[in-house]
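Tertiary structure, described
Spelled out, the chains give:
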Amino acid sequence: AQSVTQLDSHVSVSEGTPVLLRCNYSSSYSPSLFWYVQHPNKGLQLLLKYTSAATLVKGINGFEAEFKKSETSFHLTKPSAHMSDAAEYFCVVSYTGRRALTFGSGTRLQVQP
Amino acid sequence: DVKVTQSSRYLVKRTGEKVFLECVQDMDHENMFWYRQDPGLGLRLIYFSYDVKMKEKGDIPEGYSVSREKKERFSLILESASTNQTSMYLCASSPGLAGGTETQYFGPGTRLLVL
């Protein structure tokens, strides 16, 4: 069965410092990988997705993620955190032909002034 | 822009009540989904539908049913609400052309409290 593991439930950074949110997935077939963000009291929004094209994927708001097959990882990064980045982030996996998504348990990002 | 709306942001119901959660999308999407979100568990798929009157069970269908009579509307039904169904419920839709590689678009969620 497909699964995805977010290695940190909470991450706290200072404004202006780099962000790293870690994600590992189980590998059965070629996965599609996504990062979604959920701001307080708002719906989930797609940040970026990987679907077997370039391994470095750029998303909205300066975020990017790198697909590393050898490590079965898809970590999310941003060079410089902003206060507005404080939210919960979900790593998500799916496979070609399967309509449903499998979500990780989420990482809550806090940004300190 | 894709818009997915859910009928209520907050609901309070009593144990044993029948509860209807409604979801509407305005982009003619084939696929619609119901998830529940609980702290530390992420989102878990309850049911999804890939066409009118078609449905498939997700990972946690017990205690729930669904209805899709029109393409734009997907209802989640709690036949007899229980306290362990207190949760945030999220509806999503996707075009239905590319399977698991598609982006899903989410509604704002309904926070249900069962007393």
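Presented here is an overview of the structure given in this document. This one's a predicted model, so the numbers in the text were calculated from it and none came from an experiment.

Helix and strand content of chain A: zero helices and 12 strands. A compact globule built from 113 residues should have a C-alpha radius of gyration of about 13 Å, and chain A, at 13 Å, falls within 12% of that. C-alpha extents for chain A along the principal axes are approximately 45 × 25 × 20 Å. The buried share of chain A, taken over its 113 residues, is 45%. Considering only intrachain contacts with a sequence separation of at least 6, the fraction spanning at least 24 residues in chain A is 57%. Carbon and sulfur atoms make up 49% of the accessible area of chain A, which totals about 5,400 Å².

Attention now goes to the state of the cysteines. The term disulfide refers to a covalent linkage connecting the sulfur atoms of a pair of cysteines. Counted by the stated rule, this structure contains two disulfides over all chains. Here A:C23 pairs with A:C91 through a disulfide, and the sulfurs are 1.9 Å apart. Disulfide A:C23-A:C91: the torsion about the S-S bond is -65°, which places it as left-handed. With A:C23 in strand β4 (residues 23-25) and A:C91 in strand β10 (residues 87-95), this pair connects stretches of sequence that are 68 residues apart. Using a relative accessible area of 0% as the deciding quantity, one classes A:C23 as buried. Shown here is the disulfide that connects B:C23 with B:C91, its sulfur atoms set 1.9 Å apart. Taking the torsion about the sulfur-sulfur bond, which here is approximately -75°, the covalent link between B:C23 and B:C91 counts as left-handed. In this pair, B:C23 is assigned in strand β3 (residues 19-25) and B:C91 in strand β9 (residues 87-94), connecting sequence segments 68 residues apart. Per residue, the accessibility class of B:C23 equals that of B:C91, and both read buried.

All names here are of chain B. For strand β5 (residues 42-51), the buried fraction is high: seven of the 10 residues fall into the buried class. Across seven bridges, strand β4 (residues 31-38) lies against β5 in antiparallel orientation. From the neighbouring strand, Q37 faces β5, where its bridge partner is L43. As consecutive antiparallel partners, β4 and β5 are separated by three residues, and within that stretch G40 has a phi angle of approximately 80°, a positive value. Where β5 lies against strand β6 (residues 54-57), three bridges are found, and the strand directions are antiparallel. If you follow F48 over to β6, its bridge partner there is E56. The turn joining β5 and β6, which pair antiparallel and follow one another in sequence, is formed by two residues; a positive phi near 65° is taken by K53.

Right, let's talk about the sheet that holds strand β1 (residues 4-6) of chain B for a bit. Strands pair in a sheet through their backbones, by hydrogen bonds, and they do so in one of two ways: parallel or antiparallel. Residues and elements named next belong to chain B. Pairing is antiparallel in the open sheet, where four strands are placed in the order β1-β3-β8-β7. The open sheet terminates on both sides in strands that have one partner only, identified here as β1 and β7 (64-70). Each neighbouring strand pair of the sheet contributes to a mean axis angle of 20°, computed without reference to strand direction. Two strands pair when backbone bridges link them, and β3 and strand β8 (residues 73-78) are joined in this way by six bridges, in the antiparallel orientation.

What counts and how
- Residues numbered from 1 in each chain as written.
- Chains lettered and ligands numbered in written order.
- Predicted model: local features only at pLDDT ≥ 70, side-chain atom pairs only at ≥ 80, totals over all residues.
- Heavy atoms only, no water.
- Helix = DSSP H or I, 4+ residues; strand = E, 2+ residues; numbered from the N terminus.
- Rg over C-alpha atoms; globule rule 2.2 N^0.38 Å.
- Buried < 20%, exposed > 50% of the residue type's maximum accessible area, 1.4 Å probe, protein only.
- Contact = heavy atoms within 4.5 Å.
- Areas by Shrake-Rupley, 256 points an atom, 1.4 Å probe, with all protein chains shown as cover.
- Disulfide = S-S within 2.5 Å.
- Pairing = 2+ DSSP bridges.
- Axes fitted to C-alpha atoms, helices over the stretch in contact; angles between N-to-C directions.

So far we have only geometry, and geometry alone does not tell us how the molecule works.
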